[in-house]
Structures are given as C-alpha cells and as structure tokens.
Amino acid sequence: MRGFIFIRLAAVFAVLLAGLIGVGLGLSIAVTGNIENEENYKPLNPALPTRIFDASGELITEFSSDERRELITLGEMPRHLILALLAREDPDFYNHRGFSLRAIARALVGVITGNSLGGGSTITQQVAGTLYCDRRERTIKRKVKELWWALQLERRYTKNEILEIYLNYMIMGPGTYGVEAASKYFFNHSARDLTLAEAAVLVVQLSSPTNNNPIHNPDEAMSRQRLVLDKMVELGYATREEADYSFKEYWDSFDYTRVGVSSYFSKEDKAPWFSEYVRRELGDLMYGEMDYYRDGYSVETTMDLRFQQLAEAEMGRGIAEANAKYQSSSGFGTARAERIYVPLANMLSLVFNLEDLYTGVEHQDEIKAVNKYSKQLNPTVDMLSLVFDIPEFKPISAKGYQWLKSVTEESVVEGALVVLENDTGHIKAIVGGSQYSETNQLIRATQAKVMPGSAFKPLYYSAAIDSREFTMSTLIYDSPMLFTTATGEPYIPNNYQGTWRGPVLLYEALGLSLNIPALKVLDGIGFDAAIDRAAILLGITNTEEKIRTFPRVYPMGLGIIAVSPLSMARAFAVFANQGRAVTPYAIKTVEDRDGKIIIDYAGEVQRDLESMGTGIQLISPQNAYMMTRLLSKVIEMGTLASGAGYGAKLNVRDDKGIVYRIPAGGKTGTSQNWSDAWAVGFTPYYTIAIWFGFDKGGNSLGMNVSGASLAGPIWGNLMQEYNQGLPRRDFPRPSGIVDVTVCRSSGLLRNAACPPGISLSFLAGTAPTDYCDQHGVALDLPGGLNTLRIPGGNAPSSYRMPTVPPELQAIMDRTFDSPETEPEIPAWDPLSD
C-alpha cells in the first residue's frame, strides 16, 4: 500500500516538474523569439582609441583612456592564429551550438576533485559572459545566464562572426584588448604578420594576461606556449618541424631586458605638441556624448610629419643654444655683480646709512640656500611626505615647487614655432616649447601672448603703402627725434645698438629694422590706419580685444604689444596669399569607427571663407604684392639676410630637379630689452613664425641674442627643407604695379651721374617722376627734362632712364669758369631714346 502511494506521489511530482519545465521552455522560447524579433542584443561597440593621422595618412598617435584596442577582420588574421585559438580554447567550436556537455562535465569533475582539467566554457560562452555577465562572479546563476546568452548569440551570429568578436574584444595584455593591439604591444607589428610561435603566445594571454605575460614571466609564457604548439601538432594544425622551428626562432631573438608597462603609458606619440593641440581642438568640436577616448574616431589632420620632425629638431637645438648663451651671460653678470657691485652697494649703504641698499653675506647666502633647496632637496622632501604620510611636509614642498616654477619662468628660455600653408591655412607643424611633459604643456605657438618687436612693423607699413604717401623709395631721415604723445609727454626712441644712418629709403629702413623711420611712418599715417590694418591682418575683430591689444602710443610701432606666434604667421601668410584671408586650422575631418565622416572641419572653413564674398580680400592684391617685394629686401640686404644664408638657403630644386632661388620675404624682431627674438617669413608656399623668450617677462636674452642671430638661421634652414621638390612658383603680380629703377641715395629717377641704381616696385601713380638732384650738375633743361611725363596718362610697366646724348654729357661734365656762363643746350627729346 505504501509503495503504491509512493508511486502516485512520484507520478504527481513528475507531472508537476514536467509542467514547470514546459512552462519554462515556453517562456524561454517566447523570450528567445522576442530577442530574435527585436534584435535586443547589446551593441558591440568596444572602447576604441581615437587615432590621429597626418596629411599623408601616417599615424601620429592615439587617444585612449584605459584600454587600447584596434579592430581587425577575421579574414585579415593568419590561419595559424585561429587554429592556435581553437586548439587552446575550443577545438569543437565549429561543431557545437554554443555549449559543450563534455567540457561542462570535465570542468565539473575538476572542481569536485580539486584538479584543473580545463574550463567548461566554449568560445561562445566566453563572449556571452564578457558582454552580458560579470565573469568575476563565480555562481551557478552567472553560468546559467552565460549559457542562455550563448544560445542567443549562436542564433544571431555566424561562427566566424562570433570568432571575430572574440579575437577583437578579449583582454590580451596590460591595458590591451584584441589580437591587433596585443600583437603590436608584444611584437611591434600587426597581427597580420604573426608567426606560429607568436600566435601561441597571444592565445595563452586569454586565460591569464598577467601570469602568462612573456615580458614579466618568460618562463611561464614559454611553458604555456609549448603546450599550445604541442596541441596544434596533435590536432594536425601544424607539423612538428614547423612548431619547433618557430618556437626556437622566437626565443632565440627574445629581448629579456625589456621592461613591461601598460600599453596606455607606452603608446607612441610622434608629435606630442601637435597632438595636444589637436586634442584640445577636438574637445571644442565634439558635442553631446561624443568621447574621443573611447569612441574610436579617425582624425585626419593637416600636419606633415616630416615638417614636424624637422621643426622639433631645429627648435630643440635653438632652445639649447639660447639657454647656453643666457646662462653664460647671466652667470658672468652675477659673478661680476658679486665681485664689484655688491661690495660697492654695501659701502654706500654704510656711508650714507641706507639700510635698504645693504646686501650682506647673510642675504647672499640665503638666496643661494633657497636656490639649492628648491632644485636639489625639495623633490626628496616631497617624496618623503608621500611615502611616510607626513602631511606637514606637503606645504613645504609645494612652496618649493612654486618658487622653482617662478624662477624657471623667468630664467629658462623657451621657444615656439608654427608653419602654415599659405593658400589653405593648413597648420603643417607646431612646436609649443621645449620637451613636452606633464609640467610643460603650454602651447606657446598658440597660447602665449608675447611682444613681436620689429616683426610687427610690416603690418602698418602695409597701411603706409596704401596711403600712397609712402613708397619703397620714400626718403626718410634716420636721426634722433622727439615724438610727442597725445598727452603731451615726450618720447625719444632709440635704434638697435644706438646708431643712426641718416637719409635712408623706406625699403632700407624696414630691412635694417630702423626704429626712427618706422615711427615716422606710423606718425605719417596715424594710429587709426595702423591699428585697423594690423587688426585685420592678425584676425582681431572684437573691439574690446582691439583696444586691449593696440595701445595708442608710439612704442606700439616698435612691437610693444602682445600677440601669439600663430597670429603673426597668419598676418604674414595673408601677404603671401595675395591679400586673401587665411584661416589656420589643424583638423580636416573626423570619421567614426564605421568610416563615416561626422565632422568636416575643412569643408566648414572653406564655406566660411566663401561666404565672406569680396570680404575675403583683406588687403588688395596690389598691396599684398608690394609687401612681398618690400619684405624680400629684408632677406636680400636686411636682418634676415644672414638667416637665409645670403640667399643660399633659398636655392632649392623644383619638381624637375632644377635648382632655382625661390622668392621669399620676411622680418626679424627683437623686443625691448632683448626679451623676445623673432623671425617671421614666407615663400609662395609656406609661412613660418618662430619665437624665443621667457614665459614670464622682465628678463633679457642678452645683447648678443637677437631675432636675426637666433631665430633667423632656423627659419632659413627649415625653408630650405620645406620648399624642395615643389613646382616653381612666384608671388602673382597683379595689374597696377610698375617697376622703376631709382637712385639708391635719393630714391628719385636716376640721372647719368648717379651710381648704379636699384629697381623697385610701386603702385601705379606713386612712382617718382623727378630725377635725382644729389648727383652731378643741376641743369635747368628746356621743356622740363628733369620731369618724366607719360602722354595719355598710361603708365608703362617699367621706367628706364633715357640715354644721355654725348654732346649733352660733355656739357654736364664741363667745369665752368663763371657761374653766369650759360651753356648751349642742344635739342633733345628724352622719350626718343
């Protein structure tokens, strides 16, 4: 009876269990159907770094947070990599439906017996666990959930797609995800080029990226690698000879001295200054939830990596040279002061009871002690405060660092450079300072506001040319002069090295960077015209910024204002770009991980320029051409001549291999107290602006350091490299320009007694019409022969001094006995010659 009851209870239990199973299966099928119908799968968007490329497509660097990953398709992977994975993780992958009962049973026995018999999860289950579960959780619930999602993945994806997800998604090294990033981290090449032994090393990372890391634990990695290779031989995936040869080749060339660091910290950056500039620009361009650390964008930039590397090398040498000269001169000055002037000051303080003047030995020792502490002992104090948790030391070390930072800003010479392509505005290179680091991230090429000195003068000389009151041949006297400010205060400027040259032509005054003639030009056109023109060229449109930048005082004409090197490069590029607006930018396009362009910044810049209409012409083509001619004289005979190698550095090969001298123009600048040194100049292709100085004003580079001596040679060296192999190009000459040969002394038309003249360019209608009156005998020739008049008002493109007939030359050369003697002048038409 009891047995019968037991059987009935068992039957009821079985029915209930079957019912529960049926309901469960029904619900599972329904959920599965919903998943399949709604495609309710987690988006497969693993964190990818944003990759930065130069203009030719070469990778510069990557921006990532804590993961480094590069996607690669299964078809691009070598076959032995896939076979190594299958041999190690899931040999039956292509035969099961997402799970393996045999593997589960094997893992269960291993858990019961305490022996490691291998994992029970298939590749599909590992993908499901990574995407939908927390694999750190070791519970039955997690395993059931993992199995469930494995079944759904098998319904949704093909076997090859699951394998591709797996090989791109899984962690395979410190901060490294996927086989492509792991291959580059461990072997410095793409996964496409993996050897058999390298493939085995990668797949053993899947079980333990720390323990099996060949850099940290080569012995363990070697042992695990050998197991994989043996398994591949056992399964027929490789021959014994292939496995042994590859194994031996790998370890024979293995670098046991390599230090392992996270791929995040070992990432390469071929141009850190430019990369940092692009990163900041990306932050301004992106919106919403866009994250350039994880979303895997591809950024095409304007930079030429060759240009950048050349610029960094030249600026590195220049900064080192400037600091060496500064330390030498300042050290000599300090020693001289301590030896001569300090004792003298102390004596005067004692004699006249001037306590504030006294600088005794104690004060000098205090300064030396503070200096030594900040540079040598403070880092140790800071470390001790961290290691032994001594909070009282932290304020002391912070104060020491602040003092050192202040001293560094005042006493360490920095430098900056920017290269623009004239007709596009592309930033081809940026150097923001000396070595880029965590403590040196100020991009001085774009962020620093420094005094341009005489490099500023061409900006208002441009307005002077347009005034038609000044030409290249205008005679200006370079001599001491008192200028009176708007408030009635006197201002007496000086020239560099305190010398004056007397009468000079305008092109000479600019070429030799003479201050008195420059201020006479500024006085002649007025502050309004000068400021308006400078603001247009520098891209300053805001009225308040314009007022802040340009003080209405005469020192403004000597460059005592604050601008960035990028702004100066833009202004000079306008001259080289026929007067048209130049918008500097570094980012062309941004693509998402699927290759779709989501930001077309180059297109936006072009559309903005087109929308300007005629306003794109900031200055007239005629004015721009005149400025290229005026600034070319600076290179021929002025302060940039030495930097250009007296023309030798401008001898380049064109695209046909023929050497020619490329046209160029530019200007150097040395600000007040020799605190800033500049060179800014252009060819028809590129404009380069270079600056050297201090982060904090008030110090001097030294009287032996100037824009011509420090920045000029670097400008010439780079221009020689950058302009090689390009088609010949000149600055386009617009209509309305005439060339005239004038006397070098007077700037007027040459007469026969003048020394060899010089050909200069003029806006039509502004060329001189009078002959030189500084050479030979002044004659009152009939018909006004001392004035050249063009019938009909049509000025020719060039003038030539008429040849003087022999009989007239004889009269001009004759010495008269009496001033009343009237020579007989033969009839002569100068236009008939």
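You'll find the structure just up there.
Not measured: the values here are computed from a predicted model.

The rules behind the values
Here the residue numbers are simple positions, counted from 1 along each chain's written sequence. Local features are withheld for residues below a pLDDT of 70 in this predicted model, meaning they are given only at 70 or higher, and side-chain atom pairs are given and counted only at 80 or more; totals for whole chains, interfaces and linings count all residues. Excluded from the side-chain calculations are hydrogens and water; all other atoms, namely the structure's heavy atoms, are used. Here a pair means two rings of Phe, Tyr or Trp (six-membered ring of Trp) with centres within 6.5 Å. Their orientation is stacked below 30 degrees between planes, edge-to-face above 60, and tilted elsewhere. Type-normalised accessible area, obtained with a 1.4 Å probe on protein chains alone, sets the label of each residue: buried when under 20%, exposed when over 50%, and partly exposed for intermediate values. A run of H or I in DSSP counts as a helix once it spans at least four residues, and a run of E counts as a strand once it spans at least two, with each numbered from the N terminus. Working rule: Lys NZ or Arg CZ, within 6 Å of ring centre, within 35 degrees of ring normal, means a charge sits over the ring. Residues belong to one nonpolar core when they are buried, are Ala, Val, Leu, Ile, Met, Phe, Trp, Tyr or Cys, and are joined through side-chain atoms within 4.5 Å. Throughout, a residue-residue contact means that at least one pair of heavy atoms, one from each residue, lies within 4.5 Å. Salt bridge, as applied in this entry: a Lys or Arg side-chain nitrogen positioned within 4 Å of an Asp or Glu carboxyl oxygen. Nitrogen and oxygen atoms within 3.5 Å of one another constitute a polar contact, given that in protein one can donate a hydrogen and the other can accept it, and given that sequence-neighbouring residues count only through two side-chain atoms. When DSSP locates at least two bridges between a pair of strands, those strands are taken to pair. The angle between two axes is taken between their N-to-C directions and runs from 0 to 180 degrees, where each axis is a line fitted to C-alpha atoms and a helix contributes only its stretch in contact. Oblique is the label for every angle not falling under 35 degrees (roughly parallel), over 145 degrees (roughly antiparallel), or within 65 to 115 degrees (roughly perpendicular). For any helix crossing, the convention is left-handed if the near helix is rotated counterclockwise from the far helix by under a right angle, and right-handed if that rotation is clockwise. Each residue gets one of three labels, nonpolar for Ala, Val, Leu, Ile, Met, Phe, Trp, Tyr, Cys and Pro, charged for Asp, Glu, Lys and Arg, and polar for the others, Gly among them.

A.B. asks: Which residues make up the packing of aromatic side chains, and what values go with them?
C.D. replies: With the rule as written, the count across this model stands at 25 aromatic pairs. Between tyrosine 185 and phenylalanine 186, the ring centres sit 5.0 Å apart and the planes meet at 70°, which makes this aromatic pair edge-to-face. Summarising the burial analysis for this pair, tyrosine 185 and phenylalanine 186 share the class buried. Aromatic side chains tyrosine 686 and tyrosine 722 sit 6.3 Å apart centroid to centroid with 75° between the ring planes, which places their arrangement in the edge-to-face category. Of the two residues, tyrosine 686 sits in strand S19 (residues 686–693) while tyrosine 722 sits in helix H24 (residues 707–722), which places them 36 residues apart along the sequence. Among the aromatic residues, ring-to-ring pairing joins Tyr185, Phe186, Phe187, Tyr250, Trp251 and Phe254 into one connected group. Taking NZ or CZ as reference, arginine 69 lies 5.1 Å from the ring centre of tyrosine 169, over its face. Above the face of the phenylalanine 93 ring, lysine 159 is positioned so that its terminal group lies 4.5 Å from the ring centre.

A.B. asks: Tell me what's going on with the nonpolar core, and back it up with residues and numbers.
C.D. replies: If you look at the biggest cluster of nonpolar residues, it comprises 145 residues, and the most contacted ones within it are Leu282, Leu417, Tyr461, Phe550 and Trp715. Of all the elements, helix H21 (residues 565–576) adds the most residues to this core, at 9 residues. If we skip the residues at most four places from it in the chain, leucine 417 touches Ala311, Met315, Ala429, Ile430, Val431, Ala445, Ile688, Ala689, Ile690 and Leu718. Among the nonpolar cores identified, the runner-up in size contains 53 residues, and Ala84, Ala150, Met172 and Tyr185 belong to it.

A.B. asks: Describe the pattern of salt bridges, listing the residues and the values that go with them.
C.D. replies: The full count for this structure, using the stated rule, is 30 salt bridges. A salt bridge links glutamate 220 to arginine 224, with the shortest nitrogen-to-oxygen separation between them at 3.0 Å. In this pair, glutamate 220 and arginine 224 are both assigned in helix H9 (residues 218–234), 4 residues apart and thus about one turn of the helix distant. The shortest N-O distance in the salt bridge between arginine 317 and glutamate 314 comes to 3.1 Å. Of this pair, arginine 317 and glutamate 314 both sit in helix H12 (residues 305–351), 3 residues apart, which is roughly one turn of that helix. For arginine 317, a relative accessible area of 52% gives the class exposed. Overlapping salt bridges bring together Arg51, Glu62, Glu70, Glu76, Glu180, Lys184 and Arg192 as one network.

A.B. asks: Got a sec to walk through the environment of lysine 428? Specific residues and values, please.
C.D. replies: One can find lysine 428 in strand S8 (residues 427–431). Put simply, lysine 428 and aspartate 304 are 124 residues apart on the chain and 5.3 Å apart in space, counted from C-alpha to C-alpha. Beyond its immediate stretch of four places on either side in the chain, lysine 428 contacts Ala55, Thr302, Met303, Asp304, Phe307, Gln308, Val419, Leu420, Glu421 and Tyr686. In this structure the side chain of lysine 428 is engaged in a polar contact, spanning 3.0 Å, whose partner is the backbone oxygen of threonine 302.

A.B. asks: Give me the pairing of strand S17 (residues 665–670): which residues, what numbers.
C.D. replies: Among the 6 residues of S17, 5 are classified as buried, and the element is accordingly described as predominantly covered. Relative to strand S18 (residues 676–682), S17 runs antiparallel, the two sharing 6 bridges. Its bridge partner being in S18, lysine 667 is matched across the sheet by valine 680. Hairpin connection of S17 to S18: 5 residues between the antiparallel strands, including asparagine 673 at a positive phi of 65°.

A.B. asks: Run through the environment of aspartate 92, naming residues and quoting values.
C.D. replies: In this fold, aspartate 92 is placed in the loop between helix H2 (79–89) and helix H3 (101–113). Take aspartate 92: its relative accessible area is 36%, and that puts it in the partly exposed class. Separated by 30 residues in sequence, aspartate 92 and threonine 122 have C-alpha atoms that sit 8.7 Å apart.

A.B. asks: Can you explain the packing of helix H16 (residues 457–467) against helix H19 (residues 527–538)? Please cite residues and give values.
C.D. replies: Put simply, H16 and H19 touch, their axes get as near as 8 Å, and they point 120° apart. Of the possible angle classes, the one that applies to H16 and H19 is oblique. The handedness of the crossing between H16 and H19 is right-handed. Between H16 and H19, the contacting residues are Leu459, Tyr460, Ser462, Ala463 and Asp466 on the first element and Ala529, Ala530, Arg533, Ala534, Leu537 and Leu538 on the second. Its residues assigned to classes, the contact of H16 with H19 comprises 8 nonpolar, 1 polar and 2 charged.

A.B. asks: I'd like a description of the sheet that holds strand S1 (residues 50–53), backed by residues and values.
C.D. replies: Sheet architecture is open: 5 strands sit in the order S2-S1-S6-S13-S14, paired in mixed fashion. Each of the sheet's edge strands pairs with one partner strand only, and the pair in question is strand S2 (59–63) and strand S14 (597–600). Strand after strand, the sheet turns through a mean of 20° between neighbouring axes, direction not considered. Pairing of strand S13 (residues 587–591) with S14, which is carried by 3 bridges, proceeds in the antiparallel orientation. Looking across to S14, one finds that threonine 589 is bridged to aspartate 600. The strands that helix H11 (residues 272–285) touches are S1, S2, strand S6 (298–301), S13 and S14; relative to S2, the one it contacts most, it runs at about 55°. Here helix H22 (residues 601–611) sits on the sheet in contact with S13 and S14, set at roughly 35° to S14.

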